[in-house]
Every structure is written in C-alpha cells, then in structure tokens.
Amino acid sequence: MFRRFSINYVLLSIVLDLFMTAFALRVAVFLRPNLPPLPFLVEIPRTNLLDTQPSHYLIVAFLWVFVFLLSSVYDPKRNYRVVDEFQTVSLSIGFAALLYAGLLYLGFRDFSRWLLVTFVVVNWVFLLGWRTIARLIWRWQGNGHEHRRAIIVGAGQVGQQVSEMLQTHASTGLEFVGYLDETSSEHDIGGLPVIGRVSDVRQIVETHDIDDVIVAMPQQAYREMGKLVWALQDMPVQIRVVPDYFSLALYRATAEDYGGVPMINLRDPALNNVQRLVKRFVDVAVSGTCLLFLSPLMLATAIAIRLDSNGPILLTQQRVGENGRIFGMYKFRSMVPDADKLLHTVSKVDEEGNRIFKFKNDPRITSIGRWIRRFSIDETPQLFNVFKGDMSLVGPRPELPWLVQDYEPWQLKRFAVPQGITGWWQVNGRSDKPMHLNTEDDIYYVQNYSLWMDIYILLKTPWVVLRGKGAY
C-alpha cells in the first residue's frame, strides 16, 4: 500500500513530518533547561511560550510541511537517490528555520534562541531518521516499488540508452523484457534480446504481460508511431515516448505543458529551484563579506598596477555565461595594453587540434601582473560579478566568445550551470591542463553537482591559490 512512488506514501510522509516536527519542538522544550548557555549569548529566563500557547506546535508543523511542498521534498522522482533526498530535506529545514526565526522576531520575541537552535537540530535528526528507516524497510522487504515489465520499441541508439537506464534502475522494480524493432537483423543487441517486430506489439504485450511500452524510435520512423499508439489504445499499458531530440539538449531535456500543448525543453537547467536558491544565497553572503575584507588588498593592487604600467586598472571582458548569455567580466589588468591584439602571436594548436592559449612566460604579462596572477588577485573584482548575479562563486570558468565558437557540441554542456570564479578544474590542475581537459572537468561538475561539492571546492581553493601551482 505504501510504496515510495505512490500517493499513499506521499500522504504518509506529510503526516509523519507534521507529527515529527511538533514532537521535535516538544523534545527541544524538554531538553532546553538541561543545556548549557548558548555561546556568546546571554539569555534571560522568560515565560515559556509553548506552555501558554499549545497551538504554536501546529503552526510550526504546518510551516515545515508548507516549505517542504514548495521545495518538492515529496516528489519521489526528484529525490530518488538518498543523497538527493537528504540534501533537499536538509536545505528545506534550513529555509523553514529562517522563516520561523523571522516569525518569532516579528511576533514572539520572548522565544529562547537556544531553544530554536535545539529544535532545528532535533527536527533534522527526526526527519532524516524516519526517512532512513523507511528506505531500509523498502530495501529489506524488496517491495518499495511496484514490479513493472517494460519493452522498448526501437533498438537504435536512443533505445539502447533507455535500456541502460532501465537496467541501472532495476532496483526500483523495472524489468526490461526486450526490444521491438523492424530493421535490426540481430537477435541480441548488446546481450539484450530483440523479441519481435513493431507490428507484433499487441501480441507481445499480451504474451509477456507487459506494463510499460517505451517508444524510442528514430525520427524517420515517427509516422509509424501513430499506428503503434492506436494499436494499444484498448490495452492496460502505459505508453511513454522518448523523442529522438535528446542528443540536441544542452544538458538535459524535459517535457513541459503550456496550456495543454506538450513541449520539449532542450535547455533545462542543471540546477533545480532549491539548489539555485541556496547557491544564490551563498553567493551573495560570501561575495559581500569577501568584498568588505578584501577591499584594502584590492585598493593596493589598483595602485600597484597604475605605478607599474600605463593603461586601465580594471578590464571588462566579454565572456559567455550560463546558457550562452554574454556578460562583462571584471578583472585587474595583468597584461600590457592592447594584449588582445597580440593574441595571435601566442595562441597555439596542439597535435590533436586543441587550442592552447595559456602558457608560462607569456610575454604580454607585466611584472606586477605575473605576481597577481600567481595568487589569483587579478580575479578578485569578479566578486562584483557574483554579487550582481552574472556569475557564481563556484562553477565552470566563463569562456571567451571566440573560443566557444570552436567548441565541439559536447563541450557546450558546461554552460548548463552558472559560471564561477573557482571550480572543479581550478582545484585540480588550474592552467596546467589544456582547455579541452578543463571542459571535461567542468562537465563532471555539472553532472555531479551538489551543495557539498561547492563547499569542498570553496574550502580547497585558498590552499590551491596559496600554492600558486598552475597559475599563469
């Protein structure tokens, strides 16, 4: 009854979250008198609001569930992996806690701040705890997902990619039975069977007790799709279509509905709304703090550049940002004036045809420029770009437009996330790597993005900058 991908499980989750949140608050009230004082904060004992207004428990519980609904915590398709679910729940708890703190500040200032901290910690343990137990139960019983048998119509490249996905998610109850294909003469494709022709779909659905028919036909066979769909209209099967356009997607493609008209978005962002909100919050907070503390260093750098050579102190370079958007990126000038006009004298192409335009002993770099490049001081003005929203603290480096023109199609996937000051390849080699290998690292970051990955890169960046390795 309570399968993870059912409406009953969603309703159960909401009820458990309501109860666990109210219970966590009650546990925090019980623990508060036995806890030491909150560091750096002197609290005066006050009347316990929760003893005089029991309805407050309901307000807190429903606030939490409201935030969880907005954050898609109860969408099992977005939280299939345990790491995705725990990240979404943790970030949603943090956001709900901020809303709760604001509510307390406006209307209940007698509420203990140490009690609030205790409640949030206990709530986090309870909400992740019951979800962990639920996952263990599903795995132990093996019935967390409905068992469904599926066939794939089309044994081409798209069909084979779908079969790999089905095998990867076999633990969810999906069982791949085989392919239907008109053109393939092979009995097996990649060790998986072709069990019949497309025209035999009704017979095969009945014979093999099929629950899902996944249509992954090439574009030239789309006119046959209508016949197939009509042939299955009176049969109790789910029909899903995988359009042969996904190879054109920048990162991932999703189906959307506009007034009842289905459309395929080929440029769906890699970050969901919760991830984007948290990333932007961190960007604004950290960049604003860094600008405040680094202002003396930036002022000293500006004076040094002015004394070292003629030309502007600050440069605004055209760069390609998220989803191909062009913006002006700020940098301290580290080269001679009009260095761009001399680019053809230093840019090279390696034996494999990959362009290399950064290397040691570049004659265009000034004496002070070499020093500020070594410790990445020339990039500190990009904190203004982060604060404005042009960039992020962490992400692939914004690329020069003329370089993007030479990109292979697969390299464009690096623009599926906000571009950043530091990133995965910067903390794993910096300029020592050719540009095409940097792109591979950037795509790895896009495909494996998480808040914890951003935190890891931010923590590692100062050490890499101080070493100065690969910076030129």
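Quantities reported herein were computed from a predicted structural model and do not represent experimental measurements.

Asker: Quick question: what am I supposed to make of the pattern of salt bridges here?
Answerer: A side chain with one charge can pair with a side chain of the opposite charge if their charged atoms come near. As enumerated under the stated definition, the model contains 11 salt bridges in all. As a salt-bridge pair, Asp390 and Arg325 come within 4.0 Å of each other at their nearest N and O atoms. A residue pair is termed long-range when its members are at least 10 positions apart, and Asp390 in the loop between helix 11 (382–388) and strand 13 (392–394) and Arg325 in the loop between strand 9 (314–320) and strand 10 (326–332) qualify at 65 residues. For Asp390, a relative accessible area of 17% gives the class buried.

Asker: Could you clarify how one ought to interpret the packing of aromatic side chains in this entry?
Answerer: The description of an aromatic ring pair rests on the distance of the ring centres and on the angle between the ring planes. Within this structure, the stated rule accounts for 12 aromatic pairs. Here the aromatic rings of Trp424 and Tyr456 are separated by 6.0 Å at their centres, their planes lie at 45°, and the arrangement is tilted. Of this pair, Trp424 sits in the loop between strand 14 (420–422) and helix 13 (435–447) while Tyr456 sits in helix 14 (residues 451–467), and the two are 32 residues apart along the sequence. Take Tyr456: its relative accessible area is 40%, and that puts it in the partly exposed class. Aromatic pair Tyr445 and Tyr449: ring centres 5.7 Å apart, planes at 80°, arrangement edge-to-face. Here Tyr445 and Tyr449 have matching classes, each one buried. Counting every residue linked through ring pairs, the aromatic cluster contains Phe19, Phe23 and Phe126.

Asker: Whenever I open this one, the pairing of strand 2 (residues 174–180) confuses me. Can you help?
Answerer: The side chains of a regular strand alternate, residue by residue, between the two faces of the sheet. Most of strand 2 sits out of view: 5 of its 7 residues are buried. With 6 bridges connecting them, strand 1 (residues 148–153) and strand 2 associate as parallel partners. Each residue of the ladder has a partner; that of Ile152, found in strand 2, is Tyr179. Of the pairings in the sheet, the one linking strand 2 to strand 4 (residues 192–196) comprises 2 bridges and is parallel in character. Directly across from Tyr179, in strand 4, lies its bridge partner Val194.

Asker: When you look at the side chain of Ser334 in this model, what are you seeing that I'm missing?
Answerer: In this fold, Ser334 is placed in the loop between strand 10 and strand 11 (348–349). At a separation of 2.8 Å, a polar atom in the side chain of Ser334 contacts the side chain of Arg373. Leave out the neighbours within four places in its chain, and Ser334 touches Arg364, Ile365, Thr366, Gly369, Ile372, Arg373 and Asp378.

Asker: Looking at this model, I keep getting lost on the environment of Met329. Mind explaining?
Answerer: Considering the arrangement of structural elements, one finds Met329 in strand 10. For Met329, a relative accessible area of 0% gives the class buried. Here the alpha-carbon distance between Met329 and Asn385, two residues 56 residues apart in the chain, equals 6.7 Å. The residues contacting Met329, other than those within four sequence positions of it, are Leu315, Thr316, Gln317, Arg319, Gln382, Asn385, Met391, Arg397 and Pro398.

Asker: How should I be thinking about the pairing of strand 4 in this particular structure?
Answerer: Sheet topology places strand 3 (residues 188–189) next to strand 4; 2 bridges connect them, and they run antiparallel. Bridging across to strand 4, Ile189 finds its partner in Leu192.

Asker: Mind showing me how you'd approach the packing of helix 9 (residues 273–308) against helix 10 (residues 367–374) here?
Answerer: Two numbers describe a pair of packed helices, the interaxial angle and the distance between the axes. It is the contact of helix 9 with helix 10, at a shortest axis distance of 9 Å, that shows an interaxial angle of 150°. When the axis of helix 9 is compared with that of helix 10, the two are roughly antiparallel. Contacts between helix 9 and helix 10 involve Thr301, Ala304, Ile305 and Asp308 from the former and Ser367, Ile368 and Ile372 from the latter. When the residues that make up the contact of helix 9 with helix 10 are grouped by side-chain class, the tally is 4 nonpolar, 2 polar and 1 charged.

Asker: When you look at a nonpolar patch on the surface in this model, what are you seeing that I'm missing?
Answerer: On the surface, Phe95, Leu98, Leu99, Leu277 and Phe281 cluster together to form a nonpolar patch covering roughly 490 Å² of accessible area. The dominant element in the nonpolar patch, judged by the number of residues it contributes, is helix 4 (residues 82–107), at 3 residues. Within the secondary structure layout, Leu98 lies in helix 4. Residue classification places Leu98 among the exposed residues on the basis of a relative accessible area of 53%.

Asker: What should I look at first to understand the sheet that holds strand 4 in this one?
Answerer: Sheet strands pair by backbone hydrogen bonding; their relative direction is either parallel or antiparallel. Ordered in space as 3-4-2-1-5-6, the 6 strands form an open sheet in which the pairing is mixed. Every interior strand has two partners, whereas the edge strands, strand 3 and strand 6 (238–241), have only one. Two elements, strand 1 and strand 5 (residues 212–215), share 4 bridges in a ladder whose sense is parallel. By the bridge assignment for strand 5, Val153 is matched with Val215.

Asker: Help me understand the packing of helix 1 (residues 7–31) against helix 3 (residues 55–70) in this model?
Answerer: Put simply, helix 1 and helix 3 touch, their axes get as near as 9 Å, and they point 135° apart. Accordingly, the angle class assigned to the pair helix 1 and helix 3 is oblique. Like other packed secondary-structure pairs, helix 1 and helix 3 cross with a definite hand, here right-handed. Residues Ile14, Asp17, Leu18, Thr21, Ala22, Leu25, Arg26 and Val29 of helix 1 touch helix 3, and the partners they reach there are His56, Tyr57, Val60, Ala61, Phe62, Trp64, Val65, Phe68 and Leu69. Residue composition of the contact of helix 1 with helix 3, grouped by class: 13 nonpolar, 2 polar and 2 charged.

Asker: Mind showing me how you'd approach the side chain of Asn385 here?
Answerer: Relative to the elements of secondary structure, Asn385 occurs in helix 11. Among the polar contacts made by the side chain of Asn385, one reaches the main-chain amide nitrogen of Tyr330 at a distance of 3.0 Å. With residues up to four places along the chain from it excluded, the contact list for Asn385 reads Phe327, Gly328, Met329, Tyr330, Asp390 and Met391.

Asker: Looking at this structure, I do not really get the environment of Asp338. What am I missing?
Answerer: Inspection of the secondary structure assignment puts Asp338 in the loop between strand 10 and strand 11. On a C-alpha basis, the gap between Asp338 and Gly311 in space is 8.9 Å, while along the polypeptide they are 27 residues apart.

The rules behind the values
- Here the residue numbers are simple positions, counted from 1 along each chain's written sequence.
- Local features are withheld for residues below a pLDDT of 70 in this predicted model, meaning they are given only at 70 or higher, and side-chain atom pairs are given and counted only at 80 or more; totals for whole chains, interfaces and linings count all residues.
- Remark: hydrogens and water are excluded; side-chain values derive from all non-hydrogen atoms of the structure.
- Salt bridges are counted wherever a side-chain nitrogen of Lys or Arg sits within 4 Å of a carboxyl oxygen of Asp or Glu.
- Strands are runs of DSSP state E lasting at least two residues, helices are runs of H or I lasting at least four, and both sets are numbered from the N terminus onward.
- For every residue, the accessible area obtained with a 1.4 Å probe (protein chains only) is divided by the maximum for its type, and the residue is called buried under 20%, exposed over 50%, and partly exposed between those limits.
- A pair of aromatic rings is counted whenever rings of Phe, Tyr or Trp (Trp by its six-membered ring) have centres within 6.5 Å, and the orientation is called stacked for planes under 30 degrees apart, edge-to-face for over 60 and tilted otherwise.
- DSSP-based pairing: two strands are paired if at least 2 bridges between them are found.
- The term polar contact refers here to a pair of N or O atoms within 3.5 Å; inside protein, the definition further demands a hydrogen-donor-capable atom paired with an acceptor-capable atom, and it admits residues adjacent in sequence only when both atoms are side-chain atoms.
- Two residues qualify as a contact provided that any one of their heavy atoms is within 4.5 Å of a heavy atom in the partner residue.
- In this analysis an axis means a line fitted to C-alpha atoms, helices contributing only their contacting stretch, and an angle means the value between N-to-C directions, from 0 to 180 degrees.
- What sets the label is the angle itself: under 35 degrees gives roughly parallel, over 145 gives roughly antiparallel, 65 to 115 gives roughly perpendicular, and the rest give oblique.
- Amino acid classes used here: Ala, Val, Leu, Ile, Met, Phe, Trp, Tyr, Cys and Pro are nonpolar; Asp, Glu, Lys and Arg are charged; the rest, including Gly, are polar.
- Within the patch definition used here, like charges are joined within 9 Å and nonpolar side chains (Val, Leu, Ile, Met, Phe, Trp, Tyr) within 5 Å, considering only residues with over 30% relative accessible area and no salt bridge.
- Note that accessible areas follow from Shrake-Rupley with a 1.4 Å probe, and for residues the cover is restricted to the protein chains shown.
- Here a crossing is called left-handed whenever its near helix is offset anticlockwise from the far helix by less than a right angle, and right-handed whenever the offset is clockwise.

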